[in-house]
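Structural description and commentary
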Amino acid sequence: MSIKKAFRIKSEIINFDDVTSLLTYLDLNKNDLLLTESRIFDKYLENKVKDARVIIRDNYISHGPNSEELIEKVAAESGAQCSRVIGIGGGAILDLAKLLALETAVPVKNLFAQNIKLHKARELILIPTTPGTGSEVTQFCAVYVPDLGAQFILDDELLCADKAILCPEFLSGIPLKVLAASSFDAFVHAFESYLSPLATPFSQALAKDAMQKILEVWKDVTSLGASDLEKSYKQLQTAGTLSGLSYANAGCAAVHALSYPLSIRLKIPHGEANYLVFNEVLKIYAAKNPTGALGDIEEIIAATLNCTKENALIKSDNLCGTLMQRKPLSSYGMKENQILEFTDMVLTRQHMLIANGYVQLTVGEIAKIYKDLL
């Protein structure tokens, strides 16, 4: 008898209120490899980390996903002597830490070979510095392969962190636009995992809590302004991890699949790309299955925003629209002749996400979304 739906948490989750207490707990030493970014290192860690081997990712690449070349460079620089790998940063840094906790991460193509068995050699500690990644509690890891112009996803429980640590002080100073896009990414993780055919009562409970927490923060920011946002960092970060736990178990779907070409080809940040396609995907969801789990989400939003169920999705979109701007894809450089290319990328590179959808999108529907957004 096979179990088709299950719920698992593989990581120990720990909370700290500030960086000082976090660093005391970590007690970094010469056997540690610390992966982070210059913004975090310069503001919080410089002069406080003396013994650990430190890798600053943006010294190797200014932005973008983890490519084969980047992974191989960092692996060569980091060496193989560490006993703990600690990632402090956004999703790309946490994914990089997952790879370097393996016995070997290079050659990268070997990680995707059929029947390959991964071997974890080091304790893995992941500490997110945005509220949206969720990667700190998932078994997924994204790798960009330039030769194929595509991003591939590793999915293995050995990629789960031994410890996921939340410290909301790391969110301090993030621009509102970046914070909004990151929290929208978490919202979509929760939204789509709630609708997933693989959802369980446990994953849906986490997704519901995450959506409510994020909506409450958005509501406060739009009514009170961003000056009091700091008091919401903990709530946003908690929501991001709850969303991560939900989609680690139930997966995401069409919104993430359609946002993929926008990030790979147009270099649109992931959370912003999700925001651009979200409404159009939702229209198809609502047209094809208005009475399923989507109705439950409408009730959750209505209760949180104090509006009617019929008006819930419009109200939440208007709320988010006060924090982010939805621009046409042409303003990012997309051309009409890319519609078919992007549609093909979704169907060939993101077919697992499409298959996991609340409803199934046709080729024509995917192409129409891109055309309508152009």
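Quick note: structure is the one above.
About the thresholds
Residues numbered from 1 in each chain as written. Predicted model: local features only at pLDDT ≥ 70, side-chain atom pairs only at ≥ 80, totals over all residues. Heavy atoms only, no water. Buried < 20%, exposed > 50% of the residue type's maximum accessible area, 1.4 Å probe, protein only. Helix = DSSP H or I, 4+ residues; strand = E, 2+ residues; numbered from the N terminus. Pairing = 2+ DSSP bridges. Axes fitted to C-alpha atoms, helices over the stretch in contact; angles between N-to-C directions. Left-handed = near helix turned anticlockwise from the far one by under 90°. Contact = heavy atoms within 4.5 Å. Nonpolar A, V, L, I, M, F, W, Y, C, P; charged D, E, K, R; others polar. Polar contact = N/O pair within 3.5 Å; in protein donor to acceptor, adjacent residues only side chain to side chain. Salt bridge = Lys/Arg side-chain N within 4 Å of Asp/Glu carboxyl O. Expected span 1.5 Å × (residues − 1).

Take the pairing of strand β5 (residues 123-128) next. Among the six residues in β5, five count as buried, and that is most of the element. Where strand β4 (residues 84-89) meets β5, six bridges bridge the pair, whose relative direction is parallel. Across the sheet, residue glycine 87 finds its bridge partner in β5, namely leucine 126. Note: β5 against strand β8 (residues 163-166), two bridges, orientation parallel. Paired with leucine 126 across the strands is alanine 164, a residue of β8.

Running from N to C, helix α6 (residues 201-224) and helix α10 (residues 293-305) point in directions that differ by 35 degrees, and their axes come no closer than 10 Å. Where α6 crosses over α10, the two elements pack in a sense that is right-handed. Contacts from Lys208, Met211, Gln212, Leu215, Glu216 and Lys219 in α6 reach Ile297, Ile300, Ile301, Thr304 and Leu305 in α10. Among the residues forming the contact of α6 with α10, the class breakdown is six nonpolar, two polar and three charged.

For strand β2 (residues 32-36), a buried count of five out of five residues is recorded, marking the element as mostly surrounded by other parts of the structure. Because side chains alternate across β2, one face comprises the buried residues Asp32, Leu34 and Thr36, and the other comprises Leu33 and Leu35, equally buried. The pairing of β2 with β4 spans four bridges and is parallel. Residue pairing in the sheet places leucine 33 in a bridge with valine 85 of β4. By the bridge criterion, four bridges tie β2 to strand β3 (residues 53-56) in an arrangement that is parallel.

Before going further, it helps to examine the environment of proline 269. Examined against the element boundaries, proline 269 turns out to sit in the loop between α8 (254-266) and α9 (270-288). Linking proline 269 and alanine 312, residues 43 residues apart in sequence, is a C-alpha distance of 26 Å.

Moving on: the side chain of aspartate 32. In this fold, aspartate 32 is placed in strand β2. Side-chain polar atoms of aspartate 32 contact the backbone nitrogen of asparagine 29, separated by 2.8 Å. Here the side chain of aspartate 32 touches arginine 84 through a polar contact of 2.7 Å, side chain to side chain. Setting aside anything within four residues of it in sequence, one finds aspartate 32 in contact with Asp27, Ala52, Arg53, Cys82, Arg84 and Ile86.

Attention now moves to unusual backbone geometry. Between valine 106 and proline 107 the backbone carries a cis peptide bond, its omega angle lying at -5 degrees. Within the secondary structure, proline 107 sits in the loop between α4 (91-100) and β5. Even without a glycine there, the phi angle at asparagine 47 is positive, about 70 degrees. Locating asparagine 47 in the fold gives a position in the loop between α2 (38-45) and β3. Residue asparagine 47 is classed as exposed on the basis of its relative accessible area of 68%. The residue asparagine 306 is not glycine, and still its phi comes out positive at about 55 degrees. Mapping asparagine 306 onto the fold places it in the loop between α10 and α11 (312-321).

For the rest of this paragraph, the subject is the pattern of salt bridges. What the rule picks out here adds up to 17 salt bridges. Put simply, arginine 8 and glutamate 157 hold a salt bridge, and the shortest N to O gap is 2.4 Å. Of this pair, arginine 8 sits in the segment before β1 (12-15) while glutamate 157 sits in the loop between β7 (150-155) and β8, and the two are 149 residues apart along the sequence. By relative accessible area, glutamate 157 is classed as partly exposed at 36%. The salt bridge partner of arginine 326 is aspartate 317, with a shortest N-O separation of 3.0 Å. You can call arginine 326 partly exposed: its relative accessible area is 29%. One network of salt bridges, with partners in common, ties together Arg8, Lys10 and Glu157.

The terminal C-alpha atoms of α10 lie 19 Å apart, and with 13 residues this matches the ideal 18 Å at 1.5 Å per residue to within 8%. Within α10, ten of the 13 residues are buried, leaving the element largely enclosed by the surrounding structure. Residues of α10 that are buried: Ala293, Leu294, Gly295, Ile297, Glu298, Ile300, Ile301, Ala302, Thr304 and Leu305. Contacts from the buried residues of α10 go to α5 (176-195), α6, α9 and α11. In the segment just after α10, asparagine 306 is the residue with positive phi, at about 55 degrees.

Topologically, serine 135 is positioned in the loop between β5 and β6 (140-145). Here aspartate 95 takes part through its side chain, which lies 2.9 Å from a polar atom of the side chain of serine 135. In this structure serine 135 touches Gly91, Leu94, Asp95, Lys98, Leu126, Phe140 and Tyr247, once residues within four positions along its chain are discounted.

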